[in-house]
Amino acid sequence: MNFLSRMSKKSPWLYRINAGSCNGCDVELATTACIPRYDVERLGCQYCGSPKHADIVLVTGPLTARVKDKVLRVYEEIPDPKVTVAIGVCPISGGVFRESYSIVGPIDRYLPVDVNVPGCPPRPQAIIEGIAKAIEIWAGRI
Amino acid sequence: MTDSLVQTLSVLFAAVVFPGGIFAITLGLALKGFDRRVFARLQRRVGAPLLQPFYDVLKLMTKRTLVPENANLVVFLMVPLLGLASMGVAAAMIPIPGLYDPSPAFGDLLVLFYLLSVPAVMLMLAGSASGSPFGGIGFSREMAIMLAYEGPILLVIVSVALKTGAALGQPICLSLSEIVRYQQAHGAYLFDPWMWPAVLTYIAFIPANLGISPFDIPEAESEVLEGPLIEYSGVALGLLKLTSAVKSVVVIGLGIVLFFPNGPEGLFGLVVFALKCLVITVCGVSVLRAAVGRMRIDQAVIFYLKWPELLGIASLALVAMNL
């Protein structure tokens, strides 16, 4: 690893995509960032508003038919190199919405998923571990 | 011939290495790191490492730079460069008391005043050139708040220039070096009760110019997704971050020069200057940012047109009475 990639590893910016989630995982993501006990900023993370600033993308939700095109378009807007983390059981298998008429997931049919964090919703500790793993993968891609 | 060459080279050195350019970038990013750390501690979080802004900028240098389809390519990519260049020159115009005296070739306080508004104009251009509706909203908000805070800061600058000029027997003194020299000989303006309205106005000006809560309205990340910066990525975004870091050094440094430049000679003066910057960053930026929420744009404009403007006029009147 050269100097730039060693430095970059310490600054992963996170972006959240809600692919039709019930909001449970989004609340856990907010908890992960915003309360003192699980502060992800200590890993150098920062939630950013624009997909163009992001390095690690956190996808929640089972990918409904309605949001599929929008999710794929937002995903395209994230500059390379990027890492995808599927948060919660929904993007992995569909969860309780599995085999519903309005679901086109699982998400790895459309996006390359690097880390799966199962749970309904996953605990903040699990999310932080998933982000830490994503940082390792991301460092290898710089 | 050689004299002018030496002068050109020294001006270039001042703008690119010290105290503009590299030095100002380092100091600005370090101040930002401290600010983030103090902010996190005020929220009882651990917070990012002190060097986090350096990591962020280095990371952005490795990322791909995307240009939106409906953006104006030339303006979109020129804006970060122009912003950083103007701030590099502005930082070279700030004297560091006891160590650095800017060359007269840089111009005086009025040039610095104009340079200070360049990054805001560049941010507006960035917002409008990106072709994003959020960028457009950021553009109009930045313009509104800029019109509101430019008046008070001009009043402050004129007050200080008039007061120093009267003391030196000139109509007006626009040279920053002379303002520093006068205060080092006769005591800082910070301890002169007649100048307190001007000090207060300057303190109110800092958060609006640096885009800090409660006046981070143009770049509100939770409403307009960082406004003008929304479409930027990679190196261009890194340059914009560097611009804002240097801008914080320029704005805080100008405050120090106008009101409290006293410090020891030599390298120790640099340490004192950096410590003053740090104190202002912690008290005027981090604590304020942690304590208040964001204003609406109309509230912010009315606030600036009311209180800092009044204080600015009051300070000018007080200076005029004492002439």
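Above this note sits the structure.
What counts as what
- Residues numbered from 1 in each chain as written.
- Chains lettered and ligands numbered in written order.
- Predicted model: local features only at pLDDT ≥ 70, side-chain atom pairs only at ≥ 80, totals over all residues.
- Heavy atoms only, no water.
- Helix = DSSP H or I, 4+ residues; strand = E, 2+ residues; numbered from the N terminus.
- Buried < 20%, exposed > 50% of the residue type's maximum accessible area, 1.4 Å probe, protein only.
- Lys, Arg positive; Asp, Glu negative; His and termini not counted.
- Salt bridge = Lys/Arg side-chain N within 4 Å of Asp/Glu carboxyl O.
- Contact = heavy atoms within 4.5 Å.
- Buried area = accessible area lost by both parts, 1.4 Å probe.
- Patch = residues over 30% accessible without salt bridge, like charges linked within 9 Å, V, L, I, M, F, W, Y side chains within 5 Å.
- Areas by Shrake-Rupley, 256 points an atom, 1.4 Å probe, with all protein chains shown as cover.
- Expected span 1.5 Å × (residues − 1).
- Bend = angle between axes of the 7 residues up to and from the residue.

**A few points about the side chain of Glu 150 of chain B**
Residue and element names in this part refer to chain B.
Stage number 1. Note on placement: Glu 150 falls in helix H7 (residues 133-168).
Stage number 2. No salt bridge is formed by the buried Glu 150. Its closest oppositely charged neighbour is Lys 247, at 9.3 Å.
Stage number 3. Beyond its immediate stretch of four places on either side in the chain, Glu 150 contacts Phe 113 and Ser 117.

**Section: the interface of chain A and chain B**
Stage number 1. Of the residues lining the interface, 30 residues belong to chain A; the matching set on chain B comes to 29 residues.
Stage number 2. Area buried by chain A at its contact with chain B is led by Glu 41, Lys 52 and His 53 of chain A, which between them contribute 25% of it.
Stage number 3. Put simply, chain A and chain B have 5 salt bridges between them.
Stage number 4. Between Lys 52 of chain A and Glu 231 of chain B there is a salt bridge; the shortest N-O distance is 2.6 Å.

**Quick word on the environment of Val 113 of chain A**
All names here are of chain A.
Stage number 1. Considering the arrangement of structural elements, one finds Val 113 in the loop between helix H4 (90-93) and strand S5 (115-117).
Stage number 2. Taking the C-alpha atoms as reference, Val 113 lies 25 Å from Arg 42; in sequence the two are 71 residues apart.
Stage number 3. Residues within four places of Val 113 in sequence aside, it is in contact with Thr 84, Ala 86, Ile 107 and Asp 108.

**Some words on a nonpolar patch on the surface**
Stage number 1. On the surface, a nonpolar cluster with roughly 580 Å² of combined accessible area is contributed by Val 67, Leu 73, Val 74, Leu 77, Met 78, Leu 81 and Leu 82 of chain B.
Stage number 2. One can find Leu 73 of chain B in helix H4 (residues 73-92).

**Description of helix H11 (residues 267-291) of chain B**
All names here are of chain B.
Stage number 1. The end-to-end C-alpha distance of H11 is 35 Å, a good match for the 36 Å that 25 residues give at a rise of 1.5 Å each.
Stage number 2. The sharpest bend along H11 comes to roughly 30°, located at Val 282.
Stage number 3. Listing the buried residues of H11 in full gives Gly 269, Leu 270, Val 272, Phe 273, Lys 276, Cys 277, Leu 278, Thr 281, Val 285 and Ser 286.
Stage number 4. Those residues of H11 hidden inside the fold are in contact with helix H2 (21-42) and helix H10 (234-259).

**As for the pattern of salt bridges**
Residues and elements named next belong to chain A.
Stage number 1. Within the structure shown, the criterion is met by 12 salt bridges over all chains.
Stage number 2. The salt bridge partner of Asp 114 is Arg 141, with a shortest N-O separation of 2.5 Å. Of this pair, Asp 114 sits in the loop between H4 and S5 while Arg 141 sits in helix H5 (residues 124-141), placing them 27 residues apart in sequence.
Stage number 3. Judged by relative accessible area, Asp 114 falls into the partly exposed class, the value being 28%.
Stage number 4. By relative accessible area, which is 40% here, Arg 141 ends up partly exposed.

**Quick word on unusual backbone geometry**
All names here are of chain A.
Stage number 1. Between Cys 120 and Pro 121 the backbone carries a cis peptide bond, its omega angle lying at -5°.
Stage number 2. Of note, Pro 121 is situated in the loop between S5 and H5.
Stage number 3. Positive phi, close to 65°, is recorded for Glu 99, a residue that is not glycine.
Stage number 4. Within the secondary structure layout, Glu 99 lies in the loop between H4 and S5.

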